[in-house]
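# Examining the three-dimensional arrangement
The residues making up each chain are set out below.
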Amino acid sequence: MTADVDSGGAGRRALRIVLADDDPVYLLGLAAILEDEGHEVTARASEARGLRAAVAGTRPDLAVVDIRMPPTHTLEGLRAAVDIRRAHPEVGILLLSKDVELTHLRQLLEAGQGADTGGVGYQLKWRVTGPDFVTGVVQQVGAGRYAIDGEIQRALYRTPRRRERLANLTAQQLRVLELMARGLSNSAVAAELSISKRTVEDHVNVVFDRLELGPEARGMYDRRVRAVLTYLASDD
């Protein structure tokens, strides 16, 4: 369970967090920042096996994971994150990396979707410049939302027709898509906009149609995620 953080900022929550990074200095620094903000670091791991065990053992709200970890320093952290997403979909995943690495990232975004699915974030380490940035992203992912670096968004979903597709949406459809990008379910969107769930579902289907995300896209990459990425990547 999470609790309110009693250090200012309405709506902020104290989260239980597992950290995974093989750089001990970076790990200590990040832990100190998070703990100063009222979060609880339930475990620290320096390799992927320890990360998986820590998440299974402590069931945190969020796992902050370096993509490249021992023993090969390739994609062990990212693969572990995908496994965690599938086994524990309620746990938010925040990836940190020095480079843009898209291998398996689509699998992470697609895995473990449902009403109680945790958020997903992917940030470049060199952009993490201070406590406000770190905790802001952490809060966003902890609330079940997306927090994907703009450079990564553009690499994930490039299309010259992106803005044109969004321009085909009505103001209400854009609002529905915005709330989807915040991680809200159809029921939560309906409550936010004071409309019926059926109306939201109709809007979502129109969004899929106008963004050219047909049913055949389901198998390889969930349409809802692709719609959200289109929306996020349009702000560049």
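Presented here is a report on the structure given in the accompanying data block. These figures come from a predicted structure and were not determined experimentally. (Residues numbered from 1 in each chain as written. Predicted model: local features only at pLDDT ≥ 70, side-chain atom pairs only at ≥ 80, totals over all residues. Heavy atoms only, no water.)

This part covers helix α3 (residues 76-87). For α3, spanning twelve residues, the distance from its first C-alpha to its last is 16 Å, which sits close to the expected 16 Å at 1.5 Å a residue. Among the residues of α3, E76, G77, L78, A80, A81, V82, I84 and R85 are the ones counted as buried. (Helix = DSSP H or I, 4+ residues; strand = E, 2+ residues; numbered from the N terminus. Expected span 1.5 Å × (residues − 1). Buried < 20%, exposed > 50% of the residue type's maximum accessible area, 1.4 Å probe, protein only.)

An order of β4-β3-β5-β6-β7-β8 is seen for the six strands of this open sheet, with the pairing classed as parallel. In this open sheet, the two strands that pair with only one neighbour each are β4 (40-45) and β8 (146-148). In this sheet, adjacent strand axes meet at a mean angle of 15 degrees when their direction is disregarded. Where strand β6 (residues 92-97) and strand β7 (residues 120-124) come together, five bridges link them in parallel fashion. Among the inter-strand pairings, I93 is bridged to a residue of β7, identified as V120. (Pairing = 2+ DSSP bridges. Axes fitted to C-alpha atoms, helices over the stretch in contact; angles between N-to-C directions.)

Contact geometry for helix α2 (residues 48-58) and α3: axes closest at 9 Å, N-to-C directions at 25 degrees. Taken together, the axes of α2 and α3 are roughly parallel relative to one another. As α2 runs across α3, the sense of the crossing is right-handed. On α3, the residues that touch A48, L51, R52 and V55 of α2 are E76, R79, A80, D83 and I84. Per-class residue counts for the contact of α2 with α3 are five nonpolar, no polar and four charged. (Parallel < 35°, antiparallel > 145°, perpendicular 65-115°, else oblique. Left-handed = near helix turned anticlockwise from the far one by under 90°. Contact = heavy atoms within 4.5 Å. Nonpolar A, V, L, I, M, F, W, Y, C, P; charged D, E, K, R; others polar.)

This next bit is on the pairing of strand β3 (residues 16-20). Counting buried positions along β3 gives four out of five residues, so the element sits mostly inside the fold. Of the strand pairs in this sheet, β3 and β4 are connected by five bridges, and their pairing is parallel. Paired with I17 across the bridge in β4 is V41. For the crossover that starts at β3, traverses helix α1 (residues 24-36) and ends in the parallel β4, the hand is right-handed. Across four bridges, β3 lies against strand β5 (residues 62-66) in parallel orientation. Of the residues in β5, the one forming a bridge with A20 is V65. (Right-handed = clockwise from strand over helix to strand, strands pointing away.)

Our focus in this paragraph is the nonpolar core. Core analysis: the largest hydrophobic core is formed by 50 residues, its most contacted members being L51, L95, L177 and A227. Core analysis: the next-biggest nonpolar cluster, separate from the first, contains 17 residues, L27, L62, V64 and V134 among them. (Core = buried A, V, L, I, M, F, W, Y, C linked by side-chain atoms within 4.5 Å.)

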